[in-house]
Structures are given as C-alpha cells and as structure tokens.
Amino acid sequence: MLATLDRRTLLKAALVFVIAAIGFVAVVTLGGGAEAASADPEVATTAATTAAGGNILLQNLFNGVVFGLLLALASVGLSLIYGTTGLSNFAHGEMVTFGAMITFFLATQQPVSLPLLPFSFTVGLPLIPAALIGISISAGFGWLQDKVIWSQLRRRRVAMVQQMIVSIGLSLALVNLIQWWIGGRPVRLTTSIDPRNQYGPISVGNVTLMSMAIAIVALLGVAYFLQRTRLGRATRAVSDNPALASASGIKVDSIIRIVWVMAAGLAALGGILLALYQQGIGFDDGTQLLLLMFAAVTLGGLGHPYGALVGSLIIGIVAEVSTVWLPPDLKFATALGILIVVLLFRPQGILGKSERVG
Amino acid sequence: MTDHPVILDADDLIAGYLPGINILNGCSMEVREGELIGIIGPNGAGKSTFLKALFGLVPVRDGSVTLAGEDITNLRADQLVKRGVGFVPQTNNVFPSLTIEENLEMGAYQAHKSFKKQMTKIGDLFPVLVERKNQRAGSLSGGERQMVAMARALMMDPQVLLLDEPSAGLSPVRQDETFVRTRDINRTGVTVIMVEQNARRCLQICDRGYVLDQGTSAYTATGQELLKDPKVIELYLGTLGA
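Think of each chain on its own: its residues are numbered from 1, step by step along the sequence as written. All chains are assigned letters beginning with A, and all ligands numbers beginning with 1, in the order in which they are written. This being a predicted model, a pLDDT of at least 70 is required before a residue's local features are given, and a value of 80 or more before pairs of side-chain atoms are given or counted; all residues contribute to the totals for chains, interfaces and linings. Remark: hydrogens and water are excluded; side-chain values derive from all non-hydrogen atoms of the structure.

Asks: In this structure, what is going on with the overall build of chain B? I would like to understand it.
Replies: From N to C terminus, chain B includes 10 helices and 10 strands. Taken over C-alpha atoms, the radius of gyration is set against a globule rule of 2.2 Å times the number of residues to the power 0.38. Rg of the C-alpha trace for chain B: 17 Å, near the compact-globule value of 18 Å for 242 residues, within the 12% margin. A principal-axis box enclosing the C-alpha atoms of chain B has dimensions of 50 × 40 × 40 Å. Burial classification: accessible surface area is computed with a 1.4 Å probe over protein chains only, and a residue below 20% of its type maximum counts as buried, one above 50% as exposed, and the rest as partly exposed. Here chain B holds 242 residues, and 55% of them are scored as buried. Throughout, a contact is declared for two residues whenever any of their heavy atoms are within 4.5 Å. Restricting to contacts in chain B with at least 6 residues of sequence separation, those with at least 24 account for 68%. In these tables, accessible area is a Shrake-Rupley quantity obtained with a 1.4 Å probe, and a residue counts as shielded only by the protein chains included in the view. Of the roughly 10300 Å² that chain B leaves accessible, carbon and sulfur atoms contribute 51%. For chain B, the centre of its 25 positive side-chain charges and the centre of its 29 negative side-chain charges are spaced 6 Å apart. Only DSSP runs of H or I with at least four residues qualify as helices, and only runs of E with at least two residues qualify as strands; both kinds are numbered from the N terminus onward. His is not counted here, nor are the chain ends, while Lys and Arg score as positive and Asp and Glu score as negative. Each charge is placed at NZ for Lys, CZ for Arg, CG for Asp and CD for Glu.

Rendered as structure tokens:
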C-alpha cells in the first residue's frame, strides 16, 4: 500500500498536518492564555500546566485514534461510493445506525417488535453472531438500495444534485423509521460492563481494544482489496474514469453494486463498534456522524479511498485532543475548523492529487 | 485488400445525443479485414460521433452496425470489447491514479489469464511502457498517455481498433510517432478505423479514407487518391504539398 502511495505526497501531507496542528495549538493556547491573563496571570499558568499534562493529552490522543478508526470504517464506504458514482450519499449515516440497531434487535434479551407487526421477538443471540448477521443484513440492504434506487437513477441519467436530494430524503425516511422502530432512547448492544485497564498513562477496556483491532483488520482488508485484487483495481479504475472503464470491458454497474454492498457492510460494522465504544447508540447517532464523515472524506481527498482513513484519524484525534483545552461541546467544531485550515493550504485534500488538465 | 472479407459494416446510421437532433443523417461505411481507414471532414461533420456510434456510446436511432456479419448495433461497451472491438477516446483516455501496468491490466480485464502474455506482446510495440510500468499514468505527458491508451485497447487482441483523433494536442514529432505506431499496429493484423483532424498525415498512411460532411459519408477513395482530389485539397488540405 505504501509503495504505491507517492512518498513525497505523504510527507507533504504529514507536514501540512503538523503545521496545522501546531498552528491550532498555538492559537488555542495563546488565545486561552490571553483570556486568563487578564484575570490572573499566575492561576492561568498553573491551569495550563496541569491541563496540558501528559496523562490527559495521551489519553485523549488515544481516544481520538479509537474514534478516528471507527469513523474511518463509516467514511471509507462513503468515499468509495462518491468515487465510483459521484454521489454524496446523505443516507450513509443511517447505514451506520441501521447496522447497530439490527444487531441490537438480534442480541438484546428484551422483547422488540418489528415495525407494523403486532408481536414482539426476543432473539437473544450472543453478540458476535448477532453482529455478523447484522452486518450481512446491512450489506444486503446496500445491495437492495443500489438495485432498487441508485442503479435505476443512474440508468435514467438523473443528475447528481437530484440524486443527492433523493439521498437526503432517504436519510430522513430511514432515521424516522429507526426512531419509530427502536424509540428515542439510546440502546445498548450488551449489558456487561467493560472494565478499564491501565496501560501506562492510558486507560482502556478490553472491548475497546478488541474493537480497534477489528477496525484495523477491516481497514487493512479494504486496502488489500483495492490494491491487490483484480476487482479492487477495477474499482479504482471505475473511480478514476467510469467511461473508460466501461470501454475497457469492465462491467461498471457490477463494480458499483459491489461497492454499495461493501460500503453498507463497513458502515454497519462501524455502527456496531461505535455502539460498543460509547456504550449505547441512539436512533440519530449515525445522522450526527454524517457531517464528520463528509469532513473526513473531504479532508483526506475526495474520492480517495485512503484519504477517508487519514481524514477520519485526523478528525478523531483533533476532536478528542481539543477537549484538553476547550469545552467538549466544541470538539466537533474544532475538527471542522481544521478542515477549513487544511483546505486553505491543500484544496484537493491531504492525499488528493491535483491532476494535470487535458 | 478488396478481396478481404468485410469485417465491419455500418449501414445508414442515424444518431445523435439530444432527442430530436440528429448528428448523423445516414452514415455508411464498409471496412475490410486488415484495412487502415481514416475518417476526415470539417469540424462538426460528425466524425467523432460516427466513431462513438460504432462503439455504442451514442445511441443509434436507425440503421445498423454489423461485425463479421453479426449485428452489434447499440451493444454495451463490455459486450463489444468481448466481441473484439477496441476503442481509444480522444481525451481522458487513461486511469490517472493507476500505474501503467494497472492501466494495461484493466484493458485485459475480461481476459486476465492472458495478461502476462499480452504484456510481453505490448513490450515489443511499446518497450517504454513496460520499463516504466510502476509509474502512475496521471504523471505522464500527453504523448505517453496516448501510448498507454492504445496499449490498453490492444490488450484484448481486438479485431477492430477505433481511434478518436490520436494525434490531437500532440507536438508534431509526437504526432508523427503516433501515425507510425498506428501503421505498425495495423501491420500486426488489426483493422484500424481512425478519426483525424490532421487530414494530410492521416491520408498518407491510410489504405482508404472516408470524407464526412454534415453527418453523411460524402465519399470514399484510397488515401492517395483523396490526397490528390481537388475538392478534398480545397476543403480540407489547403494547398497542394503544404
């Protein structure tokens, strides 16, 4: 994977990120210091020293990586769909919630009814089989969506903005459907508590460690697929130039169908791991994640599959680390602020390449 | 070549992009196996549209295209590739983020088992592409891209290769190279149909030329005949010998 990514580009990307991060920290520290200085210079210095202490910083950095990895699972699919079809899929957030909710339905010991059915079910599967079935059902839902809606719209040459508005409608429909089905309160996939262990300065539960490992394996799997399999290389070809891919004999519609299945499955996996990580998931958690996914995809380089990964990690890390100095309510705003700063320096995103014209 | 069997036959094609507006108003062409055909004509005559209609990229409203006697009108691109038709678009003719090797692999997508064998064959025609196979196609110059595009279209061993203005945007030296290469490809037994703005150079290497005017194939003759034809000289070639 690294061999084919241009090293110089990576280096430049890292440099931009470091400069952006330093700039950000400087602004925040100086800004905060200036504000406090007017009140009491001595107190301000002490506060800054303790707040910026190694423990909190490292812990938040770690949390950021965890969140970034989970975000990446969701946004890789969004990026692949954008790359191959040009669609900004606003209903992708609901795919995240949908996967988690199906898993909840299969795993919970409480009776849950299905929409419009008068009886309730208690499936009560163990978490792992429930999650696997949940991911499969979500992937099937991705297949169905493309078959029934998106491939039809593409065939009739419906323009992108119109398709995007369809996806906004679908997003609203799905989020309300999920709320009607599961209700307004967050649900938990498991009742057991994940005790936190201390590793040096970082405290983390085993479930979270396991989630990280699963996310990393899944993301490496995607990279392997795109780089080392014929189908994956064809997917990148379709991303690059669908008309030429078709003229080369690639069945573009089948590739897009595969991308939808993968994207939906990955989003579901992301939703399930997110539900475990934040110990519960509400009907609109995915919807709220959508903006961060778009930000991550744009930051990394629109349509670039590894861009989504890099962008997600940056968004996750910036959001979590910013809470060391700023109120937690502002963490996503800061992450989106970084997006603007990076785009000012690299309009094509971090891994996006500015191609020659003609 | 007149004794060779007809491989591609376009009969009275009527086609266009927008509903109700026809760009082609009855274009016909008969191509024999192994021929190198040049399509020339003024801007807006429908040269590129004709080529795209042959490859199913512009919907054909009336008329038919047959390949070795089999009807291929309006078939999907992947079906045409399978039947042995290759197409090189004028612009956007490589996958910029893929390496040269990956570009060529995409050309052999339907016959991936013969990819290695085809690579060696391509190495004979375009040695530079095999030397630089790990370079991203997006970093190549226009002329190099044209090479990748042609090589990609040759990976499936097509019977008929359609080239849309292969010399467009290239420097004179690169243009010459492209024409020589096209001739070389044709000599390996591939029937080539090329659309060209550079009518003189095109007719010099062509077995036969078709002159298109206002969406109809006005007339056809051998390349040498067309080069001397007073009407063609006046309309498309400017002065004799220039």
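Asks: Where do I start with the interface of chain B and chain A in this structure?
Replies: Think of interface size as the accessible area that goes away when the parts come together; that is how it is often given. If you look at the interface, chain B gives 28 residues, while chain A gives 22 residues. Accessible area, probed at 1.4 Å, shrinks when two parts are joined; the buried area is that loss added up over both. Surface buried jointly by chain B and chain A totals about 2200 Å² across both partners, of which 53% is contributed by carbon and sulfur atoms. Within this document, salt bridges are pairs made up of a side-chain nitrogen of Lys or Arg and a carboxyl oxygen of Asp or Glu, the two lying within 4 Å of each other. On the surface where chain B and chain A come into contact, there are two salt bridges. Linking B:Glu102 and A:Arg236 is a salt bridge whose minimum nitrogen-to-oxygen distance equals 2.9 Å. As used in this structure description, the phrase polar contact means that two N or O atoms lie within 3.5 Å; if the pair is within protein, one of them must be able to donate a hydrogen and the other to accept it, and residues adjacent in sequence are counted only when both atoms belong to side chains. Here chain B and chain A share eight residue pairs in polar contact (both at pLDDT 80 or more) between them. When residues of the side of chain B that touches chain A are traced back to their parent elements, those giving at least two are α2 (77-83), α3 (100-107) and α6 (142-154) of chain B. All amino acids are sorted into three groups, where Ala, Val, Leu, Ile, Met, Phe, Trp, Tyr, Cys and Pro are nonpolar, Asp, Glu, Lys and Arg are charged, and the leftover types, Gly among them, are polar. Looking at side-chain class alone, the side of chain B that touches chain A contains 12 nonpolar, nine polar and seven charged residues.

Asks: Sorry, what's going on with the packing of aromatic side chains here?
Replies: Two aromatic rings are characterised by how far apart their centres lie and by the angle between their planes. In this scheme Phe, Tyr and Trp rings, the latter by its six-membered ring, pair at centre separations within 6.5 Å, and the angle between planes marks the pair as stacked below 30 degrees, edge-to-face above 60, and tilted otherwise. Counting across every chain of the model gives seven aromatic pairs over all chains. Seen from their ring centres, A:Phe90 and A:Phe294 are 5.0 Å apart, and the 55° between their planes marks the pair as tilted. Note that A:Phe90 is positioned in the loop between α3 (54-85) and α4 (92-107) and A:Phe294 in helix α11 (residues 285-300), a separation of 204 residues in sequence. Here A:Phe294 falls in the buried class, since its relative accessible area comes to 19%. Put simply, the rings of A:Phe105, A:Phe121 and A:Trp181 touch in pairs and so form one group of aromatic residues. Over a ring means this: the NZ of a Lys or the CZ of an Arg is within 6 Å of the ring centre and within 35 degrees of the ring normal. The residue whose ring lies beneath A:Arg230 is B:Tyr109, and the NZ or CZ to ring-centre distance is 4.5 Å.

Asks: Is there a simple way to think about helix α4 (residues 115-125) of chain B in this case?
Replies: Three- or four-residue spacings in an α-helix give side chains the same orientation, since the helix completes a turn every 3.6 residues. Residue and element names in this part refer to chain B. Among all positions of α4, only Phe 115, Gln 118, Met 119, Ile 122 and Gly 123 are buried. All buried residues of α4 fall inside an arc of 150° around its axis, so they share one side. Turned more than 90 degrees away from the buried face of α4, the exposed residues are Lys 117, Thr 120 and Asp 124. Buried-residue contacts for α4 involve α3, α5 (127-131) and α6. This arc is taken over the directions from the axis of the helix to the C-beta atoms.

Asks: How do you make sense of the state of the cysteines when you look at a structure like this?
Replies: The term disulfide refers to a covalent linkage connecting the sulfur atoms of a pair of cysteines. All names here are of chain B. By disulfide we mean two sulfur atoms from cysteines, separated by a distance within 2.5 Å. Tallied over the entire structure, the rule returns zero disulfides over all chains. Sulfur of Cys 202: no disulfide; nearest cysteine sulfur belongs to Cys 206 and is 3.7 Å away. Residue Cys 202 is classed as buried on the basis of its relative accessible area, which comes to 0%. When its relative accessible area of 7% is taken as the criterion, Cys 206 is described as buried.

Asks: I keep staring at the side chain of B:Glu144 and nothing clicks. Help me out?
Replies: Residues and elements named next belong to chain B. Mapped onto the elements, Glu 144 comes out in helix α6. Residue Glu 144 is classed as buried on the basis of its relative accessible area, which comes to 16%. In this structure the side chain of Glu 144 is engaged in a polar contact, spanning 2.8 Å, whose partner is the backbone nitrogen of Ser 141.

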